[in-house]
Amino acid sequence: MKASFSLLAFLLAFGGCAGGVFGQEDGLAERQTLVDLGNALYNDYKEKEALLLYQQVTHNEFGELITDSLTGLAFHKMGACYEYIHQKELSAQYYRRAIAFRDSVLCKGHPETTKSMSNLGSAYLKWGQIDSANYFLHTVIDRYRSNPRADTLVWIKSLINLGSIAVQLQDRQLLLDVATRASELLAATTESLPAKKALAFHYNLALHASKLRLSQLARQQADRALSISVQMEGTPYLSAIHNVYHIADYYAGDRDGAIRHLRRAIDLYEKNDREELRIYLYNMALLHLEGADYAEAKVFAQRALGYAQAELATKANILSTLATATAGLGDNKEAALLYSRGLAAIVEDEDYAAGTLFRPRLAGRTPEQLRQLSVHLEDRAVFLARSGHAASALLDYQDAIEASNRLRTNVSSDASRRYLSQDVRGLYNAAVRLNVQLYLESDARPYAWQALLLSDQARAYTLNATLQADNQTLPAREAELNRRIGRLEATAIDDPKLKSELVTARLERDRLRRRSAKTQVRDTTELTQMDIIAYLQKHQTTLFQYHVTADTSLAFRVTPAGEISVHYLPGAARLSASAKGFREVIRHSVYRRQSLRDLAEQSQLDNTFITSGSQLARSLVPGEWGAQSPSGDKLLLIPDGALSFFPFAALPMSEEEGAVAYNSVRYLGTERTIRNAYSLTTLLANDERKIERRTIVAMGPTFTGALGQLSENAREVNTITASVTDANPITGPKASREAFLTESPTAGVLHLSTHGFSDAANPNQSWIAFSQSGSELDPEQLLYYPEIATLPISAEMVVLSACETSLGKSIPGETSLSIASAFTAAGARSTVNTLWRVDDRATADLMIAFYAELKQGKDRAEALRNAQRQLIDGGEFAHPYYWAGVTLTGADGPVELSDGGINRWLALLGGGILVGLVLGFRNFFAPATAPEGNKE
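Quick notes on the rules
- Residues numbered from 1 in each chain as written.
- Predicted model: local features only at pLDDT ≥ 70, side-chain atom pairs only at ≥ 80, totals over all residues.
- Heavy atoms only, no water.
- Helix = DSSP H or I, 4+ residues; strand = E, 2+ residues; numbered from the N terminus.
- Rg over C-alpha atoms; globule rule 2.2 N^0.38 Å.
- Contact = heavy atoms within 4.5 Å.
- Areas by Shrake-Rupley, 256 points an atom, 1.4 Å probe, with all protein chains shown as cover.
- Buried < 20%, exposed > 50% of the residue type's maximum accessible area, 1.4 Å probe, protein only.
- Pairing = 2+ DSSP bridges.
- Polar contact = N/O pair within 3.5 Å; in protein donor to acceptor, adjacent residues only side chain to side chain.
- Salt bridge = Lys/Arg side-chain N within 4 Å of Asp/Glu carboxyl O.
- Core = buried A, V, L, I, M, F, W, Y, C linked by side-chain atoms within 4.5 Å.
- Phe/Tyr/Trp six-rings, centres within 6.5 Å; stacked < 30°, edge-to-face > 60°.
- Lys NZ or Arg CZ within 6 Å of the ring centre and 35° of its normal.
- Axes fitted to C-alpha atoms, helices over the stretch in contact; angles between N-to-C directions.
- Parallel < 35°, antiparallel > 145°, perpendicular 65-115°, else oblique.
- Left-handed = near helix turned anticlockwise from the far one by under 90°.
- Nonpolar A, V, L, I, M, F, W, Y, C, P; charged D, E, K, R; others polar.

1. What about the overall build of the protein?
Within the protein one finds 37 helices and 16 strands. In terms of overall dimensions, the protein is globule-like: its C-alpha atoms have a radius of gyration of 33 Å, near the 30 Å expected for 936 residues. In the protein, 71% of the contacts between residues at least 6 apart in sequence involve partners at least 24 apart. For the protein, the exposed surface amounts to about 37,900 Å²; the carbon and sulfur share of it is 51%.

2. Some words on the environment of E712
Counting through the fold element by element, E712 comes out in the loop between strand 6 (695-701) and helix 30 (713-722). On the accessibility criterion, E712 (8% relative accessible area) is buried. A sequence separation of twelve residues divides E712 from G700, and the C-alpha atoms of the two residues are 9.0 Å apart.

3. What about the pairing of strand 15 (residues 830-834)?
Burial within strand 15 is extensive, with five of its five residues counted as buried. The alternating pattern of strand 15 places S830, V832 and T834 and T831 and N833 on opposite faces, both of which are buried. Inspection of the sheet shows strand 12 (residues 797-801) paired to strand 15 by two bridges, in the parallel sense. Across the sheet, residue V799 finds its bridge partner in strand 15, namely V832. Both strand 15 and strand 16 (residues 886-890) contribute to a ladder of five bridges, which runs antiparallel.

4. Comments concerning the side chain of N435
Here N435 lies in helix 20 (residues 414-442). Among the residues examined, N435 registers a relative accessible area of 1% and is labelled buried. Separated by 3.0 Å, the side chain of N435 and the backbone oxygen of A431 make a polar contact.

5. Some words on the sheet that holds strand 9 (residues 756-757)
Within a beta sheet, neighbouring strands are joined by backbone hydrogen bonds and run either parallel or antiparallel to one another. Here we have three strands laid out as an open sheet, ordered 9-10-11, and antiparallel in their pairing. Strands at the two margins of the open sheet, each flanked by one partner only, are strand 9 and strand 11 (782-784). Looking at chain direction, strand 9 and strand 10 (residues 767-769) are connected through two bridges and run antiparallel. Note on strand 10: the bridge partner recorded for G756 is I768.

6. Let's talk about the pattern of salt bridges
Under the defined criterion, the tally for this structure stands at 47 salt bridges. One salt bridge in this structure joins R143 and D103, with 3.7 Å as the shortest N-O distance. Of the two residues, R143 sits in helix 7 (residues 130-145) while D103 sits in helix 5 (residues 88-105), which places them 40 residues apart along the sequence. Judged by relative accessible area, R143 falls into the buried class, the value being 16%. Relative accessible area serves as the criterion here: at 19%, D103 is assigned to the buried category. The salt bridge partner of E508 is R477, with a shortest N-O separation of 2.9 Å. Residue E508 is found in helix 24 (residues 496-515), and its partner R477 is found in helix 23 (residues 476-491); the two are separated by 31 residues along the sequence. Residue class for E508 comes out buried when judged on its relative accessible area of 9%. In this structure R477 comes out as partly exposed when scored by relative accessible area, which is 37%. Three or more residues are tied together by salt bridges with common partners; here these are R592, E712, R715, D839, R841, D845 and E876.

7. Quick word on helix 29 (residues 680-687)
Where burial is concerned, most of helix 29 is hidden: eight out of the eight residues are buried. Backbone nitrogen of T681 and a side-chain oxygen of the N-cap are separated by 3.4 Å at the start of helix 29; the cap is S679.

8. Quick look at the nonpolar core
Judged by nonpolar contacts, the single largest core of 163 residues is most densely connected at I532 and L543. Within the second largest apolar cluster, 70 residues are counted, among which are F544, A555, L651 and M797.

9. So, the packing of aromatic side chains
Under the criterion given, the structure shown has 26 aromatic pairs. Each member of the aromatic cluster is reached from another via a ring pair, and the members are Y546, F582, Y591, F609, F646, F648 and Y662. One residue, K126, lies across the ring of Y84, its end atom 4.4 Å from the ring centre.

10. A closer look at the pairing of strand 3 (residues 564-570)
In terms of burial, strand 3 is largely enclosed, as five of its seven residues are buried. Bridging between strand 2 (residues 552-558) and strand 3 involves seven bridges; their strand directions are antiparallel. Looking at the pairing, L554 lines up with Y568 of strand 3.

11. What about the packing of helix 25 (residues 529-539) against helix 29?
The geometry of helix 25 relative to helix 29 is characterised by a closest axis approach of 11 Å and an angle of 60 degrees between their N-to-C directions. When the interaxial angle is binned, helix 25 and helix 29 end up oblique. Both helix 25 and helix 29 take part in a crossing whose hand is left-handed. Facing D531, I532, Y535, K538 and H539 of helix 25, the residues of helix 29 in contact are L680, L683, L684 and D687. Of the residues that constitute the contact of helix 25 with helix 29, the class distribution is five nonpolar, one polar and three charged.

12. Observations concerning the packing of helix 18 (residues 367-386) against helix 19 (residues 390-408)
Remark: helix 18 packs on helix 19, axes separated minimally by 8 Å, with the N-to-C direction vectors making an angle of 160 degrees. Put simply, helix 18 runs roughly antiparallel to helix 19. Here the hand of the crossing between helix 18 and helix 19 comes out left-handed. On helix 19, the residues that touch P367, L370, R371, S374, L377, E378, R380, A381, V382, L384 and A385 of helix 18 are A390, S392, A393, D396, Y397, D399, A400, A403, S404, R406 and L407. Class assignment for the residues of the contact of helix 18 with helix 19 results in 13 nonpolar, three polar and six charged.

13. Notes on the environment of S794
Along the chain, the position of S794 falls in the loop between helix 32 (785-788) and strand 12. Relative accessible area serves as the criterion here: at 15%, S794 is assigned to the buried category. Residues S794 and T366, spaced 428 residues apart in sequence, show a C-alpha to C-alpha distance of 37 Å. Not counting chain neighbours up to four residues away, the residues in contact with S794 comprise Q472, R689, I691, R694, A747 and G827.

14. Considering unusual backbone geometry
For residues other than glycine, phi is negative in most cases, and the peptide bonds are mostly trans. Backbone geometry at Y237 places phi at a positive 70 degrees, although glycine is not the residue there. With respect to the helices and strands, the residue Y237 is situated in the loop between helix 11 (215-229) and helix 12 (238-251). A residue is classified by how much of its surface remains accessible, and Y237, at 31% relative accessible area, is partly exposed. Although it is not a glycine, Q540 adopts a positive phi angle of roughly 45 degrees. Turning to its location among the elements, Q540 is positioned in the loop between helix 25 and strand 1 (541-547).

And the structure:
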């Protein structure tokens, strides 16, 4: 490098003018020489000297800016130099100048311009400016996607950096999409990609995946990194790769494998890298803490602390881990001090009062700080609760919840929100339990109300976020992407081309949402005690809200007068088993007018229904809770967990002696007027929405072949629309998916009498069907779960007269991922839905009676109750299988239906009665099991 320095001195002496060394016209070669020499200095980590040369390139001897691509390159290199000598403002300034200059001199979207944007995005990421980094990296990825001259290495680097942002934001879906696209590019450039860069790319993807608990992806990328490393001199990254394996094994539940890989990483670490060893020692402390080996955990934490750098942030995790180990060894005083030191270190507060219980301020924190604060505040809350400081523990839980929710508002996809909800739900569960404990100990009602409010915040998060987005007002491109993504999430199962298209669409949507701040969602803590009481008084209804956790569940009861009480229930496993058993006995004991089973067998099934149902009733609706309140008989049920799929209406409220007559049993659903809701927040937000009355769209598709024909759905559709002026009945082959998509946005009431399917394992494969006749299921005539929530629906009510529309995957902190909840997310104020495979004719009769009640001005819940009573009183469909699976979720109140002419109504209704009598006679001696003709 001595020659370079000599030439540098010569050039600086020669170019004594302020603007530059050579003229603009004849100095191109010389300016290129300056750039080359600057690059040599830059590569030798002499950034300040390189800057002096780059500065000579941009202006002529008169101080005028030279307008060519070499000037753009010099600005770009100056941005890089200032970045590495930690002058953020100048670095950003010159990168931005390079971007603007290259866009004007070259062309907009030129690969060199995009490279400057990539560098600026990476720099912002390094500086912790996540929003700015996100903007530039997304722009780079979007530009390269449509540019055949894209620089693949820069493209992959930008994706990896976006993956780092995904980790900080805890955005799991974003990382999965990044990994998919980066893997595609890596596979396409295997021949030309330098081994060192390929190793770095695969390792970073593995590390990102391990941090978001994507164990399978982490292992896949670590395997590829390992195969490259072992072929290179010195096997670089080897210890770090084993550390990734350890994280992946830990989150996959393989603690022994995690310890084995971590020990290997410690053995292999580079002796001069103290930071690497600190990480491994800290991780080993965590593993010992997990195994309740507090002494060993403390030893490793103290060793890790000895390797920590001077910056407080590097010590934060170690201090909190050391605190937990110290508490486990019984030294609570020292543990409390260590927790406070750790929390202060996260926010880099050196001036906190030592010896006090430090409470960090959450506003203005980075995503990484929020993540750490949530974890360590929870650790301290557990410690404080166990050591008898419940009030202080509650404050920590509330702060941990707030930190987690601040993180959750920054993710842009439903999948990532649901992933985070599972972690946050644990915080809510602990805070709810602690509030209830304090309420029962002190009889102080504010604790009970706080528990109820926290319980409400703990559910339906993504549904509330989707409702706030409002499909009616989305920008056109985002709405188009939403619909395309919904379709692809259901259909791009084994098609690599469609999967790639899905990733592209999700990345573009993420960019649009972050640019327009669409990721922000309303704070669910806005709901208050007075809001709840005002709603219950307005609707004269009593609230039953359930909160299901692994060990002990809870039931809350609030009357319109504002009286609150709390009742303990069994844990999730026992509740789930009991609920499943009750559903099964309903299914197995079903018959119409007369059972064909052996009398003893039927009697045993009937008695099992009564005894198991009565036992559940005593648990879920204990004592005076089951009695009608002075304000009326209305019940608002907000279930949770397995209770989300439970037929509350079928609960027998008294134990019958002797033979069971299903038409005379006192059911909860006949004694009380019942409706469900996903959460109070969802319900009250929907209560504020005003929907103008528009047409009723009712569809009864025709099926032959793969899906069995529904013989009653045309009668159902025609009868319920006959009495309404502004109605649009669509039956037969015209009841297509296309017709639904065209008509549904203008419907005030949507009625679908069709086949439905629920896939609890993979909700994206749940669907409702439209007319088709082929021997195989036609996916073009299916509307899938992820599509439904993207529809621009603004309906007062959606009636899903199909099978299993309430069923779906249950995720802690969310709703069940069902067809019904998807319609609520799309904009339906209420839905009528089903809990199992319902009978075609019984459901048709129920729906006709339901609409007849609505026509008389009855509230939705009362109309459904009266319709169910009519089925019970009719005898043929008295068994709960035929009526209790149909439920109302969401808003109550009447639905305005205009008269379509009394003569037309009576004529069609009369025809329906005649058909009913004939079919009733033919089915008098019906099979003992559920009949054929179920909607699927």
